[in-house]
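# Per-entry structural report
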Amino acid sequence: MTNYIDINAGVSPSFITSELISLFDQVKEDILLGKCVRGKCTNLIPNISQDVICGETELRRLISLNKEVFTSEFSRMYPLKMSEKIETDFVIKLNKFFPNTKVHMRGHWDYPTGGYMSWHTNGDFPGIRFYASYSFGEPGSFRYMLPSGEFVVSLDQSGWTFRVFRISHQNPLWHCVCAKSRRLSFGFHISE
Ligand SMILES: O=C(O)CCC(=O)C(=O)O
Ligand SMILES: [Fe+2]
């Protein structure tokens, strides 16, 4: 599966079934039809460029402060609220593949063109993260830094991209998101 990117989790893509993808497609259509509750756009610093906020220099500056940033300090995106029925459907489907774990929905976001989520680690919630994102036009990117210090720009594909990564206290995975066109993203936390 070419649109499956396992950053550091060692998880087989077999859980991305056609059934799971059709549920994501259904949610995407509901969002396009305005059937999903969308919160206010977080846009605290409107003039800042996503390339600066999601750049390597900014990341190195944050790391040099020696203080882990659990959730992004700056972002431009709309939070999405899923119905309880859909949430339960997702959790049931994922739990089948991760039986001895707890699956929780995490952030669901609608990034406009030029939207972003600044550098953070999510280190307050160790476990596996799974994100399904959908780029409508020019694909955006998920940027991260490996514990070795290597800076990586992981490009989205147009349409769906599925990403998994592991968060741990010992090895924080700094990451951020840059959207080049409208980008939906649906996050799940799988605790081990
Ligand atoms: O939108 C994404 O691909 C990732 C979002 C993210 O890192 C988060 O919600 O913590
Ligand atoms: Fe994150």
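You'll find the structure just up there.
Here L32 lies in helix α1 (residues 18-32). For L32, a count of 12 C-beta atoms within 10 Å translates into the label exposed. In sequence terms L32 and W119 are 87 residues apart; their C-alpha atoms lie 28 Å from each other.

Glancing now at unusual backbone geometry. Of note in this structure, N66 is not a glycine but carries a positive phi near 60°. Within the secondary structure, N66 is located in the loop between α3 (56-64) and β4 (75-81). A positive phi angle, close to 55°, is found at N122, a residue other than glycine. Residue placement: N122 occurs in the loop between β6 (116-120) and β7 (127-135).

Of the strand pairs in this sheet, strand β2 (residues 37-38) and β4 are connected by two bridges, and their pairing is antiparallel. Residue pairing for β4: R38 is matched across the bridge by L80. Note: strand β3 (residues 42-43) against β4, two bridges, orientation antiparallel. Looking at β4, one finds that N43 is bridged to R76. As defined by bridge partners, β4 adjoins β6 across two bridges and the pair is classed as antiparallel. Along β6, the bridge assignment pairs S75 with M117. Direction of pairing for β4 relative to strand β5 (residues 102-111): antiparallel, over a ladder of two bridges. Bridging from a neighbouring strand, P79 pairs with W109 of β5.

Parameters and conventions
Position numbers for residues count from 1 along each chain, tracking the sequence in the order it is written. The lettering of chains begins at A and the numbering of ligands begins at 1, in the order of writing. Residue-level local features of this predicted model are given only where pLDDT is at least 70; pairs of side-chain atoms are given and counted only at 80 or more, and the full residue set underlies all totals for whole chains, interfaces and linings. To qualify as a helix, a DSSP run of H or I must reach at least 4 residues; to qualify as a strand, a run of E must reach at least 2; elements of each kind are numbered from the N terminus. Residues are called buried when their C-beta atom has 20 or more other C-beta atoms within 10 Å, exposed when it has 12 or fewer, and partly exposed otherwise; all C-beta atoms are positioned from the backbone. Whether two strands pair depends on DSSP finding at least two bridges between them.

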